[in-house]
Amino acid sequence: MTLLEFFTDNSGELGELILEHLFLVVVSTGIAVLIGVPLGILLTRKPGLSKPILGFANIMQTVPSLALFGFLIPLNLYLFNVKIVGGIGARTAIVALVLYSLLPIIRNTFTGISNVDPAIREAGRGMGMTDRQLLFQVELPLALGVIIAGVRVATVICVGTATIAAAIDAGGLGRYIFRGLRANDNVLILAGAVPAALIALAADLLLGFIEKSIQAGAAVKVSSRKLLWASVAVLLVFFSVAYFFLGKSAGRIVVGSKDFTEQVILGEILAQAIEAKTGAEVVRRFDLGGNLAHDALIAGEIDVYVEYTGTGLLAILKEKPLANPQEVYRRVKSEYAKRFKLEWTEPLGFNNTFAILVRGEDARKFKLKTVSDAAQVSNQWRAGFGQDFMSRADGYPGFSKAYGFHFEATREMDLSLTYRALAENQVDLIAGNSTDGLISRYGLFQLDDDRRYFPPYDAVPVVRQAALEKYPALREVLKQLAGILTVDEMRTLNNAVDGEKRQAKDVAREFLRKKGLAS
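Owing to the predicted nature of the structure, the values given are computational and were not obtained by experimental measurement. (Residues numbered from 1 in each chain as written. Predicted model: local features only at pLDDT ≥ 70, side-chain atom pairs only at ≥ 80, totals over all residues. Heavy atoms only, no water.)

### Re helix H3 (residues 50-62)
With 13 residues, H3 extends 18 Å between its outermost C-alpha atoms, agreeing within 8% with the 18 Å of an ideal straight helix rising 1.5 Å per residue. Every buried residue belonging to H3 is among Ser50, Ile53, Leu54, Ala57 and Met60, and all of these are buried. Buried residues along H3 cover an arc of 115° about the axis, so they all sit on one side. Looking at H3, the residues exposed on the side facing more than 90 degrees away from the buried face are Lys51 and Thr62. Lining the buried residues of H3 we find helix H2 (11-45) and helix H5 (90-114). (Helix = DSSP H or I, 4+ residues; strand = E, 2+ residues; numbered from the N terminus. Expected span 1.5 Å × (residues − 1). Buried < 20%, exposed > 50% of the residue type's maximum accessible area, 1.4 Å probe, protein only. Arc of directions from axis to C-beta. Contact = heavy atoms within 4.5 Å.)

Put into structure tokens, the structure is as follows:
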């Protein structure tokens, strides 16, 4: 499918994502202007504050997006009984985008006013102008072109950064980019990147035209005070819309998922089974990066999502690896209930552990069957691992030591890209997921973990105890999903999405019908 065909077939969804993206950008940039311009003015009156304020704005621009999202989600700050930050969704994304947009606005406002010719200020004072009159009638009009240049830079930054907001279910064009990355689908990546680039280009051209018009004196003459109040009025309209869209999902069951194909499919299986068996309204909050799904569950932003026992033990509880599946399940079930008031329900039936993969032709050429076999020929191999695998307690450091690997080179990249790198001979061995559909798509061979290094990663729905109390029927639905999937079935479902390019919701619906859990 070409990019044009994709746009034609998905025009409705594309339009929604563009509107979501524009909403994030306009509201975030508008708030940043209302905060940044007054701060810039303040710095011209109190220069001693410039170092701490500009230093803070500089620091905000250096913080990685997902790290900032992870910090903001559990905060739950309120103003007049209205949550202004915390949880997943657009609210938290807007706060993060405002923080990223502040620096150019503050700096340009400060610079623009500071560079006004002192002789002009003296002339104004000689005419009897007060400081306020000088600001609104002399300094701001003369500095407006420089201020608009700062807004221009902030807007372009905001358009690009807003794509990351999809990682916390804030919508926008980043959804296509994340889907494309995990499915190794260039069309999907371009479907998100091209419109975002066009929005950034259009915003830059528009604001550039306004900036040049002001500098050339061709702009319509409006007093700075009127311009400020007009901006406030526009922002109030957007805040009203924002309040409507950012409201809580009261009275609805919220299902979450992490940001890879299998998780989205499992999220759809949970959501559709709940809809079919309870008749309740279900809200989907998918594509949550890192541990954001867990954070959102604790914060009450979602009610249930599928987690893996090994991930819960190592990444969340920070405990040592255990080999026995029953012991791992017992441990996470007990500790989650004590620490977080969360319940691990019945396992879905499959173990999605790390899969050590090589190309099929290499497995045949070197007669490889186990990971130990690969270790014997790895001294001239290049390995490719995801960031998660490189940092986990059961990841690369212990794995290479346990098997005695000595690679020629080790490359760290996004997990979804390791499959493509292996297929295109950029690396020779990767650590994927045992249920990944890309294994079949690229003809890869999974080596047997003969030393049983990796702990079990049984997939299990984790649900808030408060949600089970509020929706008693939810427990029965989750019981019916116990043991519903095998490793081969999960791999087939993943391949249907990643390999056959089908929609996750359609794949999940078809699977549930086969199992008699949906009509």
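### Regarding the nonpolar core
Counting residues in hydrophobic clusters, the biggest one holds 138 residues, and the most contacted among them are Leu266, Ile269, Phe405, Leu429, Leu481 and Leu485. It is H5 that contributes the most residues to this core, 13 residues altogether. Residues Leu357, Ala421, Leu422 and Ile430 belong to the second largest nonpolar core, which totals 11 residues. (Core = buried A, V, L, I, M, F, W, Y, C linked by side-chain atoms within 4.5 Å.)

### So, the sheet that holds strand E7 (residues 354-359)
A sheet is described by the order of its strands in space; here 5 strands give the open sequence E9-E8-E10-E7-E11, paired in mixed fashion. Sheet topology places strand E9 (409-413) and strand E11 (444-447) at the edges, where each strand pairs with a single neighbour. Each strand of the sheet is rotated relative to its neighbour by a mean of 35°, with strand direction disregarded. In this structure, strand E8 (residues 382-386) lies alongside strand E10 (residues 429-433), joined through 2 bridges in parallel fashion. Bridged to Gly384 within E10 is Ile430. (Pairing = 2+ DSSP bridges. Axes fitted to C-alpha atoms, helices over the stretch in contact; angles between N-to-C directions.)

### Focus on the confidence of the model for the protein chain
For the protein chain, the mean per-residue pLDDT works out to 88, and 91% of the residues sit at or above 70. Across the protein chain, element-level confidence peaks in strand E12 (residues 459-464) with a mean pLDDT of 98 and bottoms out in helix H10 (residues 224-245) with 53. Here residues 218-222 scores under 50 on pLDDT; set against residues more than four positions off or in separate chains, the count is 4 contacts. Taken as a whole, residues 243-249 scores under 50 in pLDDT and shows 8 contacts with residues more than four places along the chain or in a different chain. (pLDDT = per-residue confidence, 0-100.)

### Digging into the packing of aromatic side chains
Here a ring pair, both rings aromatic, is described through the centre-centre distance and the interplanar angle of the planes. Throughout the structure, instances matching the rule amount to 21 aromatic pairs. Centre to centre, the rings of Phe354 and Phe454 are 5.3 Å apart; their planes meet at 50°, and the pair counts as tilted. Of this pair, Phe354 sits in strand E7 while Phe454 sits in the loop between E11 and E12; the two residues are 100 residues apart in sequence, bridging distant segments of the chain. Across this residue pair, the class does not change: Phe354 and Phe454 are buried. With 4.8 Å between their ring centres and 10° between their planes, Phe405 and Phe407 make a pair best called stacked. Given a relative accessible area of 13%, Phe407 falls into the buried group. Among the aromatic residues, those joined into a cluster by ring pairs are Phe354, Phe385, Phe389, Tyr396, Phe399, Tyr403, Phe405, Phe407, Tyr453, Phe454 and Tyr457. (Phe/Tyr/Trp six-rings, centres within 6.5 Å; stacked < 30°, edge-to-face > 60°.)

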